[in-house]
Amino acid sequence: MALDNRATIFISDYRYIIRELNKVDAKLVRDMKRDYKSVGSEVRKGIKSAIPAFPPLSGFAKKSASGSAKTWGNRFKANTVKVRLRSPQSSSEKNQAILQLQVVSPATVIADMAGRGNDSIQGQMTKEYDYRGGKRRHRVNGQGKIMIDRLNTKASGKASRYVYPAAEEKMPEALEAVRDIVSGTLQEIENNING
């Protein structure tokens, strides 16, 4: 079940649990989904508390009420994290997320992840994109490097500055909670089959 600090439930197992629980009592399915959301809410609290209350750099400061969503706290609070329960869609994939946590503020995502991709793209051309009724491409000139360097001095992390480190800190207890939910649910199925 644990793989690289992730809780993994194979899609076939999850579908089996849902199918069997619906045979026994649909309320058990609702209870299990509620329990999963509760686990996600605990991880969410950790992520929300790790996101800075104020912009990490002055360039992220809110300019006006109608300003860009890419400024801190504009349109979306910087620490807004949504918990979504997902239904597995395809049987062709071995496993999928049952629960998804999503940081919705573009400013937070930029501050968290900027510079975490491929550094070797400087000098290359961007993909074509829409611009003022036409199409446009431009050469990557590295102008964001100063922003990235400043963000790195404010917070560090391998893949993420705020979100992933906070989620990973909560992961051991979340993993344990997911194990308990799955074990309890399977026990309910067995009791009803044998009982």
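Cut-offs used in this document
- Residues numbered from 1 in each chain as written.
- Predicted model: local features only at pLDDT ≥ 70, side-chain atom pairs only at ≥ 80, totals over all residues.
- Heavy atoms only, no water.
- pLDDT = per-residue confidence, 0-100.
- Helix = DSSP H or I, 4+ residues; strand = E, 2+ residues; numbered from the N terminus.
- Contact = heavy atoms within 4.5 Å.
- Phe/Tyr/Trp six-rings, centres within 6.5 Å; stacked < 30°, edge-to-face > 60°.
- Buried < 20%, exposed > 50% of the residue type's maximum accessible area, 1.4 Å probe, protein only.
- Core = buried A, V, L, I, M, F, W, Y, C linked by side-chain atoms within 4.5 Å.
- Salt bridge = Lys/Arg side-chain N within 4 Å of Asp/Glu carboxyl O.
- Expected span 1.5 Å × (residues − 1).
- Axes fitted to C-alpha atoms, helices over the stretch in contact; angles between N-to-C directions.
- Parallel < 35°, antiparallel > 145°, perpendicular 65-115°, else oblique.
- Left-handed = near helix turned anticlockwise from the far one by under 90°.
- Nonpolar A, V, L, I, M, F, W, Y, C, P; charged D, E, K, R; others polar.

### Structural notes on the confidence of the model for the protein
- In this model, the protein carries an average pLDDT of 77, and 76% of its residues clear a pLDDT of 70 or more.
- Averaged pLDDT values over the elements of the protein bottom out at 36 in strand β1 (residues 2-3) and peak at 91 in strand β6 (residues 134-136).
- Taken as a whole, residues 1-9 scores under 50 in pLDDT and shows 23 contacts with residues more than four places along the chain or in a different chain.

### Digging into the packing of aromatic side chains
- Applying the stated criterion to the full structure yields one aromatic pair.
- For the ring pair Phe60 and Trp72, a centre distance of 5.9 Å and an interplane angle of 70° mean the geometry is edge-to-face. One end of the pair, Phe60, is in the loop between α2 (26-50) and β3 (81-85); the other, Trp72, is in the loop between α2 and β3, with twelve residues separating them in the sequence. Across the pair, exposure class does not vary: Phe60 and Trp72 are buried alike.

### Structural notes on the nonpolar core
- Formed by 35 residues in total, the largest nonpolar core has its most connected members in Leu21, Met32, Tyr36, Ile47, Ile51, Phe60 and Trp72.
- Listed by contribution, the elements that provide at least two residues to this core are α1 (11-24), α2, α3 (106-113) and α5 (163-194).
- Top element by residues in this core is α5. It accounts for ten residues.
- Setting aside its immediate chain neighbours within four residues, Met32 contacts Tyr14, Ile17, Ile18, Leu21, Ile181 and Thr185.

### A word on the pattern of salt bridges
- Across all of its chains, the model carries six salt bridges by this definition.
- For Arg34, the salt bridge identified is with Asp35, shortest N-O distance 3.1 Å.
- The partner of Lys135 in a salt bridge is Asp130, with the nearest N and O atoms 2.5 Å apart.
- A cluster of three or more residues bridged by salt bridges with shared partners is formed by Lys27, Asp31, Arg34 and Asp35.

### Remarks on α2
- Helix length check: α2, at 25 residues, gives a terminal C-alpha distance of 37 Å against a target of 36 Å (1.5 Å per residue), a fit within 8%.
- The set of residues buried in α2 consists of Leu28, Val29, Asp31, Met32, Tyr36, Val39, Gly40, Val43, Gly46 and Ile47.

### Some words on the packing of α2 against α5
- Remark: α2 packs on α5, axes separated minimally by 8 Å, with the N-to-C direction vectors making an angle of 165°. Taken together, α2 and α5 sit at an angle that is classed as roughly antiparallel. Between α2 and α5 lies a crossing of right-handed hand. Of the residues in α5, those touching α2 at Leu28, Met32, Asp35, Tyr36, Val39, Glu42, Val43, Gly46, Ile47 and Ala50 are Val163, Ala166, Ala167, Lys170, Ala174, Ala177, Val178, Ile181, Val182, Thr185 and Glu188.
- For the contact of α2 with α5, the class distribution of residues is 15 nonpolar, two polar and four charged.

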